[in-house]
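# A look at the structure
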Amino acid sequence: MQKRLQVYLNDHLMGAAANVQLALRTAGAQRGTPLGRELDGIAAQISDDYAALVEVMHSVGVTPRRSFAWLGRLGERLGRLKLNGRVVRGSQLSTLVELEALRLGVLGKLQGWRSLSVAAQRDPRLDRDRLRALEEAAARQAEALAGICLAAAVLLGPA
């Protein structure tokens, strides 16, 4: 069981590292816009959740693998190489797609906290109250990002 937990948590570490990078970059790109302040707050929360994941890993005796975190960050950078209707620079469409990807990352994190809450029923090393709080925070982040995505979706209509 410990080996499965190690693999599971390090896989989530990789996704969390990618989502931190995406959150910080997206928030930075939106600074000074109506969405900027809200995205700054969400990016800070996502960064805090990464640290919480590392704490959970330590609490169950799992060493975070730096290579997994590095791969997550690399994956986020590679994700920037997508077609967006422009050759050289980003587009507003890229913003919408990145916001949606950010929300998907938060939903993955939410499910991870939920899965760990189930595991906590059999593993006393996992703090059920802490996991519940992390789950609730992720749900709030996902809801906020859903609204931000809808606000950004106006870019799909005619100019």
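This text goes with the structure placed above it.
Residues numbered from 1 in each chain as written. Predicted model: local features only at pLDDT ≥ 70, side-chain atom pairs only at ≥ 80, totals over all residues. Heavy atoms only, no water.

### Observations concerning helix H5 (residues 128–152)
Quick reminder of the rule: Numbering of helices and strands runs from the N terminus; a helix is a DSSP stretch of H or I covering at least four residues, while a strand is a stretch of E covering at least two. Given a helix with a known number of residues, its expected span is that number minus one, times 1.5 Å. Three labels apply to residues, based on accessible area from a 1.4 Å probe with only protein chains included: buried if under 20% of the type maximum, exposed if over 50%, partly exposed otherwise in between. Polar contact criterion, stated in full: a pair of N or O atoms within 3.5 Å, where within protein one must be able to donate a hydrogen and the other to accept it, and residues adjacent in sequence count only if both atoms are side-chain atoms.
The first and last C-alpha atoms of H5 sit 36 Å apart over 25 residues, in line with the 36 Å expected at 1.5 Å per residue. Residues Leu131, Leu134, Glu135, Ala137, Ala138, Gln141, Ala142, Leu145, Ala146, Ile148, Cys149 and Ala152 constitute the buried set of H5. The N-cap residue of H5 is Asp127: its side-chain oxygen and the backbone nitrogen of Asp129 are 3.1 Å apart.

### Details of the environment of Val20
Selection criterion: Throughout, a residue-residue contact means that at least one pair of heavy atoms, one from each residue, lies within 4.5 Å.
Secondary-structure assignment places Val20 in helix H1 (residues 2–30). What Val20 contacts, discounting residues up to four positions off in sequence, is Ile46, Ser47 and Tyr50.

### Overview of the environment of Asp123
Mapping Asp123 onto the fold places it in the loop between helix H4 (92–120) and H5. For Asp123, a relative accessible area of 4% corresponds to the buried category. Discounting residues that sit within four places of it in the chain, Asp123 has contacts with Met1, Leu5 and Val60.

### Side note on the nonpolar core
Our working definition: Nonpolar cores were defined as sets of buried Ala, Val, Leu, Ile, Met, Phe, Trp, Tyr and Cys residues, with membership established by side-chain atoms within 4.5 Å.
Leu9, Trp113 and Leu116 are the most contacted members of the largest nonpolar core, which totals 39 residues. Of all the elements in the fold, those that place two or more residues in this core are H1, helix H2 (36–59), H4 and H5. Looking at this core element by element, the count peaks at 10 residues for H2. Other than its neighbours up to four places away in sequence, Leu9 contacts Leu53, Met57, Val60, Val62 and Leu116.

### Section: the packing of H2 against H5
Counted only if it meets this: A fitted line through C-alpha atoms serves as each axis, taken over the contacting stretch for helices, and the angle formed by two N-to-C directions is quoted from 0 to 180°. Note that the term roughly parallel is reserved for angles under 35 degrees, roughly antiparallel for angles over 145, roughly perpendicular for angles of 65 to 115, and oblique for everything else. Take the far helix as your reference; a near helix turned counterclockwise from it by less than a right angle gives a left-handed crossing, and one turned clockwise gives a right-handed crossing. Under the grouping applied here, Gly and all other residues not named as nonpolar or charged are polar, the nonpolar ones being Ala, Val, Leu, Ile, Met, Phe, Trp, Tyr, Cys and Pro and the charged ones Asp, Glu, Lys and Arg.
Viewed as axis vectors pointing N to C, H2 and H5 meet at an angle of 150°, and their least axial separation amounts to 11 Å. One element, H2, and the other, H5, form an angle in the roughly antiparallel class. Where H2 crosses over H5, the handedness of that crossing is left-handed. Where H2 abuts H5, its residues Glu38, Leu39, Ile42, Gln45, Ile46, Asp49, Ala52, Glu55 and Val56 lie against Arg130, Leu131, Leu134, Gln141, Ala144, Leu145 and Ile148. Partitioned by chemical class, the residues of the contact of H2 with H5 number 10 nonpolar, 2 polar and 4 charged.

### Details of the packing of H1 against H2
Contact geometry for H1 and H2: axes closest at 9 Å, N-to-C directions at 160°. As the angle between them shows, H1 and H2 are arranged roughly antiparallel. Classified by chirality, the crossing of H2 by H1 is left-handed. Taken together, the residues of the contact of H1 with H2 break down into 15 nonpolar, 7 polar and 1 charged.

### Observations regarding H2
Look at H2: 35 Å from first C-alpha to last across 24 residues, which is about the 34 Å you get at 1.5 Å a residue. Regarding H2, the residues found buried are Gly36, Leu39, Ile42, Ala43, Ile46, Asp49, Tyr50, Ala52, Leu53, Val54, Val56 and Met57. A positive phi of about 75° marks Gly61, the residue just after H2.

### Observations regarding the pattern of salt bridges
To be explicit about the condition: By definition, a salt bridge exists where a carboxyl oxygen of Asp or Glu is found within 4 Å of a side-chain nitrogen of Lys or Arg.
One pass over the structure, following the stated rule, counts 6 salt bridges. Measuring nitrogen to oxygen at the nearest pair gives 3.3 Å for the salt bridge that ties Arg25 to Glu98. A residue pair is termed long-range when its members are at least 10 positions apart, and Arg25 in helix H1 and Glu98 in helix H4 qualify at 73 residues. Since its relative accessible area comes to 24%, Arg25 is described here as partly exposed. Glu98 gets classed as buried once you look at its relative accessible area, which sits at 13%. With its nearest N and O atoms 2.8 Å apart, the salt bridge here joins Asp40 to Arg31. A relative accessible area of 52% means that Arg31 is categorised as exposed.

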